[in-house]
Amino acid sequence: MFRDRGIEIKTPAQVDRMRAAGLVVGRTLELLRTTARAGITTGELDQIAEDAIRSSGAVPSFLGYSTPPYPATICASVNDEVVHGIPGGRVLAEGDILSVDCGAIVDGWHGDAAVTMPIGEITDEARELMRVTEEALWQGIAAARLGGRVGDISRAVESYVDSQGPFGIVEDYTGHGIGTAMHEPPDVPNRGRPRRGPRLVQGLALAVEPMVVLGSQENVVRDDEWTVVTRDGSLAAHFEHTFTLTERGAWVLTALDGGEERLTAMGVPFGGR
Ligand code: MF3
Ligand code: CO
């Protein structure tokens, strides 16, 4: 069912199918986290992800997406690559940080999530960038309440990142609604004003995805027409989850535990089933 502004509202049974898609994505990212190491190529990780998704009875959602058609199952963005890095022959090296974004479809319903992972020993500043970006994602989810607004999420992400130091937040790309399509209204910006924007209601599903950099948020798209890199070459991190709000609280559909541990630690009601 679609409401005003094209926002798709899911029934509980439909949310359960999104949970199935979310678990495929969450498990695939977990597999890649244990597989990624110095010496492996991003193309090999892509093949592992495609096999994992298909053997779960799901379909990769990125493959063939948009124009020019996205050519792979995952996005693999290394170091100064912010998002949409195309997997291939690049060999990961000790000290790299790798952002993997992954999407899958189960019975027509989408899940979408991303995680930045260290390759071996990384610098303290890279580790801090990753910590701040992941925590900003959870702060955004934790700020979402029934009756609230999308801007509450945006402001929580923004406030957390800004409170942690002189980080850049990439504003050219945003989170999004998700359901029968990967990208649906509304946009979920990583900066914004509280109590503004579409209302947060039961049956809404959103992908929140802060992209945070050590330098300037200015970025360019490479000649491959996909890979987004920082203009100043500074490191970037990207974390993303798909979540929904039930009558009881937030349910993180792409987290293996539904977000229960992290939300509970933050004092936020867990709404999963
Ligand atoms: N998953 C990305 C997002 O979070 C989109 C990937 S673009 C694609 O919105 F072409 F790779 F699919
Ligand atoms: Co997304």
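Residues numbered from 1 in each chain as written. Chains lettered and ligands numbered in written order. Predicted model: local features only at pLDDT ≥ 70, side-chain atom pairs only at ≥ 80, totals over all residues. Heavy atoms only, no water.

- Per an unreviewed UniProt entry, the protein goes by Methionine aminopeptidase and derives from uncultured Nocardioidaceae bacterium.
- Recorded in UniProt for the protein, the comment headed Subunit (unreviewed entry) runs: "Monomer." (UniProt positions renumbered as here; feature names shortened; annotations may be inferred.)

**So, the coordination of the cobalt ion (ligand 2)**
Okay, so step 1: The cobalt ion (ligand 2) binds to the protein through Asp 112 (OD), His 176 (NE2), Glu 209 (OE) and Glu 240 (OE), with metal-donor distances spanning 2.0 to 2.3 Å.
Okay, so step 2: One way to put it: the six donor atoms around the cobalt ion (ligand 2) meet at angles of 50 to 175 degrees, and that makes the site irregular.
Okay, so step 3: Counting the intervening residues between successive donors of the cobalt ion (ligand 2) yields the motif D-x63-H-x32-E-x30-E. One end of the pair, Asp 112, is in strand β5 (residues 109-118); the other, Glu 240, is in the loop between β13 (236-238) and β14 (241-245), with 128 residues separating them in the sequence.
Okay, so step 4: Taking the relative accessible area as the measure of exposure, Glu 240 reaches 0% and is therefore buried. (Donors = N, O, S within 2.8 Å, 3.2 Å for Na, K, Ca; no water. Tetrahedral: all angles 85-135°; square planar, octahedral: opposite > 155°, others 65-115°. Helix = DSSP H or I, 4+ residues; strand = E, 2+ residues; numbered from the N terminus. Buried < 20%, exposed > 50% of the residue type's maximum accessible area, 1.4 Å probe, protein only.)

**Describing the sheet that holds strand β7 (residues 175-177)**
Okay, so step 1: With antiparallel pairing, the five strands of this open sheet are ordered in space as β8-β7-β9-β14-β15. The outermost strands of the open sheet, each flanked by one partner alone, are β8 (184-188) and β15 (250-252). Neighbour-to-neighbour, the strand axes of the sheet open up by a mean angle of 25 degrees, direction not taken into account.
Okay, so step 2: In terms of strand pairing, strand β9 (residues 205-208) meets β14 through four bridges, oriented antiparallel. Bridge pairing in β14 places Leu 206 opposite Phe 243.
Okay, so step 3: Most of the contacts of helix α1 (residues 12-35) go to β15, to which it runs at about 35 degrees, and overall it touches β9, β14 and β15.
Okay, so step 4: Together, β9, β14 and β15 form the strand contacts of helix α3 (residues 124-142), whose direction differs from that of β14 by roughly 15 degrees. (Pairing = 2+ DSSP bridges. Axes fitted to C-alpha atoms, helices over the stretch in contact; angles between N-to-C directions. Contact = heavy atoms within 4.5 Å.)

**Examining the environment of Glu 121**
Okay, so step 1: Secondary-structure assignment places Glu 121 in the loop between β5 and α3.
Okay, so step 2: Distance in space between the C-alpha atoms of Glu 121 and Ile 97 is 9.7 Å, their sequence separation being 24 residues.
Okay, so step 3: Sequence-distant contacts of Glu 121, that is, excluding residues within four places in its chain, are made with Glu 94, Gly 95 and Arg 127.

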